[in-house]
Amino acid sequence: MTVQTVTVGPTEADLEARIHPALRLAFPWLPPDSLTHQTKFAFKFGHKLVEIDGATASQAQARSDVLVFFEKKPLAVLELKREGLALLPEDREQGLSYARMLHPRPPLVVISNGEDQVLLETHSGEEWQPGTPSEEALQKLMAAAGKIAAADLQHAVEVLLGPGSSVWVDAIRAATETVLADMTGDWDEFEKPFVEDFLIPRSATAAVLHEVRRPKRITILEGAALAGKSSVLREVSISQKNSNDLAVLFVEADSHGGTGIVETISSILADELGWNVSTDDTRAWLVRMSRQEGPALVLAIDGIGMARNEVRKDIEALSGDRFGHQLRLILGLDDTVTQRLTMNETSRKATNIGRRASIVELNALDEREFRLAVNLLLDRRIGLMQGAESATEYRVPWVLRSLVSEIVADPKYADQTLIAGLPPLMGMDLLHKARMRFEGQDDVRHSYQALADAVLKDAEDAGRPTATALQSLEAFVVRRQTLLKYMSSTELTELIGKGFAKLSTNEDNDSVVIARLPELLASEIALHLAGQLKQRMSDSKAAASWLIRRCAQIPLGDIIGAQALFDCVEMGGSIPLNFIGHMLSTKPRAEKLKPGMKLAMSHPDAGRINLTIQANGKVVVEGRGIREILEMEDFDEGDLYADMDSWMILAHIAGHPFIIQSPEGPIIGRADPMLLTEIGTAPMALRRPIQDKTMGSVPMHHVEGHGAIVCHDAGIVEPITFSILKFLSVERENAEEWIDEAIARLSLPLLARIDIALRSIAARGSTKAAHWADSIRKAKIQPAFKGLPLLHKS
């Protein structure tokens, strides 16, 4: 490479005052004005430039590195030590290493303390002792400097990566930068985990760094598949780029085809830094680095996957007594792998790794992280509509990336004056994204098809323990004994090992398997139900009852049911009008607690709670060994909602235009406006229960005689309101007639939902749609409210 002079501004005056006498001492036979020098220079180390700052080194160490030129050609690397310090062998090693990495190479290395000096030949490492120093002798030396043996270059790299060098930290960070660059692509390159200039700050990053600095030899970052563990390790690496106490090497464990971590590090050192060494040499280097006094070397290891024996041995060795505390490991693991690495086969005793490790959990985006993600998207002219903060799907990083990839691919996005908007919730689009995300991954899809069959089979078992039944309403959970009827134990082990499923034991000591990709499993269940629906449609009423019951038994049931209907049509089936009519007739209802009732519920903090309503007006509350008796009045403010599933499924269907066709063939007309009008009258919030309090709690208005209504401050949090929004956005010519019909229903819940949808359209800025929505809301909806009871929050 060409030598680059990168000195910025004047060099330190005291260093300059020492350099000139040292050069006169070393080269008294050269004209002083023919020599120049730089205290900053750079050379290529692997794929990256490494910068040497002699002035900074002078302040931090006992020597400075200076590049000397003779008539603008590199002459020597000057290792200038402080006065009175002895010239040591390691000074020679570093000076020769610098000189051998430069091109064109300076022929000499000068080691000096201002009084004593040694001149070394770059090509041989021997002292330069010409009979008569002259320019002619220098020319011969310059020719020889270009002929450095490969072994000498390898040794130069080894020295510069050693604990006595000031270069190794920059070299490690440069290698990390290259590895991360290789893992970074465009929004739609899902095979690459990162997108340039898009990184959501996670709270787990600070927690990981806290553990590393304790110092903890092993810090495990655990989470579900696609939870964003790789991005946290990326954030750890980037955030410590200028750290004084940590140098992070990002290790993609599954990228080099190696069987162990040390072998992978050897490949990184060769590929990124040009140091071709064996795994034994790499292990010896790690030992040396683990006991040096500079910044700690942190290995951020991603993509470990299944806990192979070679990987386990490397982790155990690298954290063992042979290595010092200056080598620390961060492991990004699926939580299923964590269990296998940290606990023995009986799960009763911690392994060596488990005793040395601390664990940081990574979950879905919390409220703070979600806000930071929103700000990052706004920087890219992408906003989220009001209500999105209550949508659980937006707390999953890969879902956000999938949505943004579609936006940036749209030609309209190139218009810098436009702002793109993400909908307040996804509905069936969540399942479409999962299908796209896992397209071509037949092994995962096949396993999840078996998992879908088992989940549906288990949900039909009325004899399941209470804890299992409750758990299966919140998450996709299946008893292990049921799942093994649909897949082999080997396939289940592989599925768990890849992080796509997790084995657990619930409160009833049931061994259960939890699906870690709920969106994908929901998609597979929808396809399964669609196939059965097609066969059952000869009795449309029974088919509707069957679909409602099946969807009531599983998480995401409303989305799954709606998608199953569309998939049924895609398979060549049809949806009879009687089917829709029966679903409409199965209306949601509110009930009060009554004596004799027994209920079981799951609370995010308290776990399972059992309620028994006694005839004397008392309520017995039991949970986690605690039993309390409360007055019925304590529960009078709330309602129990039943038969919600049918209308929630239809709420999604209503957001898509579809027509009614008579059995004889003629088209009767559009059905979706009728569904919007009917479903919109529901006197309660038509949305799935959400365990997370920050997303599950929305402001409501309780109005006597009209039910519970979502406040407009919450934005769009119900699928039916989102469907109304979509209808009003694309059907403006027919929308006013539909709004007039809706007003005639004298339904406060329906008016409130239309009002929220119009407010959302009106918030789109100075557009025709926004002006239209604002005018319709003021001219029609607000006057319609006046004839109805006022809203009172409670």
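Each chain carries its own residue numbering, running from 1 in the direction its sequence is written. Where local features are concerned, this predicted model is filtered to residues with pLDDT of at least 70; where side-chain atom pairs are given and counted, the filter is 80 or more; whole-chain, interface and lining totals use all residues. Here the side-chain values reflect all heavy atoms present in the structure, with hydrogen atoms and water set aside.

Novice: Sorry, what's going on with the overall build of the protein chain here?
Specialist: Along the protein chain, the regular secondary structure elements total 31 helices and 30 strands. Note on contacts: a residue pair qualifies if any of its non-hydrogen atoms lie within 4.5 Å across the two residues. For the protein chain, restricting intrachain contacts to residue pairs at least 6 apart in sequence, the fraction spanning at least 24 positions comes to 71%. Just so you have it, the protein chain exposes about 35,800 Å², and 50% of that area is on carbon and sulfur atoms. The way it works is that DSSP assigns letters per residue, a run of H or I at least four long becomes a helix, a run of E at least two long becomes a strand, and they are numbered from the N terminus. Per-residue accessibility takes into account occlusion by the displayed protein chains alone, with areas from the Shrake-Rupley method and a 1.4 Å probe.

Novice: Please clarify how the sheet that holds strand β12 (residues 246-252) should be interpreted in this entry.
Specialist: Paired through their backbone hydrogen bonds, the strands of a sheet run either parallel or antiparallel. Note on pairing: DSSP must find at least two bridges between two strands before they are called paired. The 5 strands lie next to each other as β12-β13-β14-β11-β15, forming an open sheet whose pairing is parallel. Edge strands, defined here as strands with exactly one partner in the open sheet, are β12 and β15 (357-362). Neighbour-to-neighbour, the strand axes of the sheet open up by a mean angle of 20°, direction not taken into account. Relative to strand β13 (residues 296-302), β12 runs parallel, the two being bridged by 7 bridges. Bridge assignment links F250 to a residue of β13, and that residue is A300. Lying over the sheet, helix α7 (residues 203-212) contacts β11 (218-223), β12, β13, β14 (327-334) and β15, oriented at roughly 175° with respect to β15. Where helices are involved, their axes are fitted lines through C-alpha atoms of the stretch in contact, as for all axes, and angles between N-to-C directions lie from 0 to 180°.

Novice: I would appreciate a short explanation of the pairing of strand β30 (residues 707-710) in the present structure.
Specialist: The two faces of a sheet get side chains in turn, since along a regular strand they alternate between them. Inspection of the sheet shows strand β29 (residues 700-703) paired to β30 by 4 bridges, in the antiparallel sense. Its bridge partner being in β30, H702 is matched across the sheet by A708. Between the end of β29 and the start of β30, which pair antiparallel, lie 3 residues, with G705 showing a positive phi angle near 85°.

Novice: What exactly am I supposed to notice about the sheet that holds strand β18 (residues 477-479) here?
Specialist: Spatially, β18-β20-β19 is the arrangement adopted by the 3 strands of the open sheet, whose pairing is antiparallel. The sheet is open, and its two edges are formed by β18 and β19 (501-505), each paired on a single side. For this sheet, the mean angle separating the axes of adjacent strands, direction not counted, is 30°. Taken together, the 3 bridges between β18 and strand β20 (residues 511-515) define a ladder with antiparallel strand orientation. Its bridge partner lying in β20, R479 is registered against V512.

Novice: Please explain the confidence of the model for the protein chain as it appears in this structure.
Specialist: Caution is warranted with low-pLDDT regions, since their predicted coordinates should not be read in detail. Of the residues in the protein chain, 88% reach a pLDDT of 70 or more, and the chain-wide mean stands at 85. How sure the predictor is of each residue is captured by pLDDT, a score from 0 to 100. The element-level mean pLDDT for the protein chain is lowest in strand β1 (residues 4-5), coming to 55, with α7 highest at 97.

Novice: Looking at this structure, how should I read the pairing of strand β6 (residues 73-81)?
Specialist: To sort residues, take the accessible area from a 1.4 Å probe on protein chains only and compare it with the maximum for the residue type: under 20% means buried, over 50% means exposed, and anything in between is partly exposed. When you tally the buried positions in β6, you get 8 out of 9 residues, the bulk of the element. Place the viewer so that the strands point away; then a crossover is right-handed whenever the path from the first strand over the helix to the second strand goes clockwise. This β-α-β element, β6 to helix α3 (residues 89-101) to strand β7 (residues 108-112), shows right-handed connectivity.

Novice: So what exactly am I meant to see when it comes to the side chain of D672 here?
Specialist: Within the element layout of this structure, D672 appears in helix α26 (residues 672-679). Think of a polar contact as two N or O atoms within 3.5 Å of one another; within protein, one of them needs to be a possible hydrogen donor and the other a possible acceptor, and neighboring residues in sequence only count if both atoms come from side chains. At 3.3 Å, the side chain of D672 and the backbone nitrogen of F658 are in polar contact. The contact partners of D672, leaving out residues within four places of it in the chain, are A654, H656, P657, F658 and F727.

Novice: I would appreciate a short explanation of unusual backbone geometry in the present structure.
Specialist: Trans peptide bonds make up the majority, and among non-glycine residues the majority have a negative phi. Look at the link from R214 to P215: it is a cis peptide, with omega at 5°. Along the chain, the position of P215 falls in the loop between α7 and β11. Backbone geometry places L556, a non-glycine residue, at a positive phi of 55°. By the element assignment, L556 lies in the loop between α22 (540-552) and α23 (557-570).

Novice: Got a minute to help me understand the packing of aromatic side chains in this structure?
Specialist: The relation between two aromatic rings is expressed through the spacing of the ring centres and the mutual angle of the planes. Aromatic pairs are defined between Phe, Tyr and Trp rings, using the six-membered ring for Trp, whenever the two ring centres lie within 6.5 Å; interplanar angles under 30 degrees are classed as stacked, those over 60 as edge-to-face, and all others as tilted. Within the structure shown, the criterion is met by 4 aromatic pairs. Summarising the aromatic geometry, the rings of F41 and Y98 are spaced 6.1 Å apart at their centres and angled 85° between planes, so their arrangement reads as edge-to-face. Placement of the pair is F41 in strand β3 (residues 40-45) and Y98 in helix α3, with a sequence separation of 57 residues. Grouping residues by exposure puts F41 and Y98 together as buried.

Novice: Please explain the packing of helix α6 (residues 168-182) against helix α9 (residues 261-273) as it appears in this structure.
Specialist: The geometry of a pair of packed helices is captured by two quantities: the angle between their axes and the separation between those axes. At a minimum axis separation of 10 Å, α6 and α9 run at an interaxial angle of 90°. By the angle between their axes, α6 is roughly perpendicular relative to α9. Contacts from A171, A175, T178, V179 and D182 of α6 reach α9 at I268, E272 and L273. Relative orientations are named as follows: roughly parallel for angles under 35 degrees, roughly antiparallel for angles over 145 degrees, roughly perpendicular for angles from 65 to 115 degrees, and oblique for any other angle.

Novice: What should I look at first to understand helix α28 (residues 719-730) in this one?
Specialist: Owing to its 3.6 residues per turn, the α-helix aligns residues three or four sequence positions apart on the same side. In a helix, the anticipated span is given by 1.5 Å times the number of residues less one. The end-to-end C-alpha distance of α28, which contains 12 residues, comes to 17 Å, matching closely the 16 Å that a straight helix rising 1.5 Å per residue would cover. Those residues of α28 that fall on the buried side of the exposure criterion are P719, I720, T721, F722, S723, I724, L725, F727 and L728.

Novice: Help me understand the environment of L120 in this model?
Specialist: Considering the arrangement of structural elements, one finds L120 in strand β8 (residues 117-121). In this view, L120 contacts R92, L96, P107, L108, V109, I111, G125, E126, E127 and W128; residues no more than four positions away in its chain are not counted.

Novice: Can you walk me through the nonpolar core in this structure?
Specialist: Across soluble globular proteins, you tend to see nonpolar side chains buried next to one another. Buried Ala, Val, Leu, Ile, Met, Phe, Trp, Tyr and Cys residues that are joined via side-chain atoms within 4.5 Å together make up what is termed a nonpolar core. By size, the foremost hydrophobic cluster in this structure holds 131 residues, and its most contacted members are Y394, Y448, F476, I525, L533, F579 and L728. In this structure, F579 is in contact with L533, M537, S540, A543, A544, L547 and L565, ignoring residues within four places of it in sequence. By size, the runner-up hydrophobic cluster in this structure holds 80 residues, among which are F69, I172, W285 and L297.

Novice: I would appreciate a short explanation of the pattern of salt bridges in the present structure.
Specialist: Should their charged atoms come close, side chains of opposite charge can pair. Only one rule defines a salt bridge in this text: a Lys or Arg side-chain nitrogen within 4 Å of an Asp or Glu carboxyl oxygen. In the structure shown here, the tally under the stated rule is 31 salt bridges. Salt-bridge contacts for E127 lead to R92; the nearest nitrogen and oxygen are separated by 3.5 Å. Taken as a pair, E127 in the loop between β8 and α4 (135-145) and R92 in helix α3 lie far apart in primary sequence, 35 residues in all. On the accessibility criterion, R92 (31% relative accessible area) is partly exposed. Its salt-bridge partner being K229, residue D334 comes within 2.8 Å of it at the nearest N-O pair. Remark: K229 occurs in helix α8 (residues 229-239) and D334 occurs in strand β14; sequence separation between them is 105 residues. Beyond isolated ion pairs, a larger network of salt bridges with shared partners links D280, R283 and D314.

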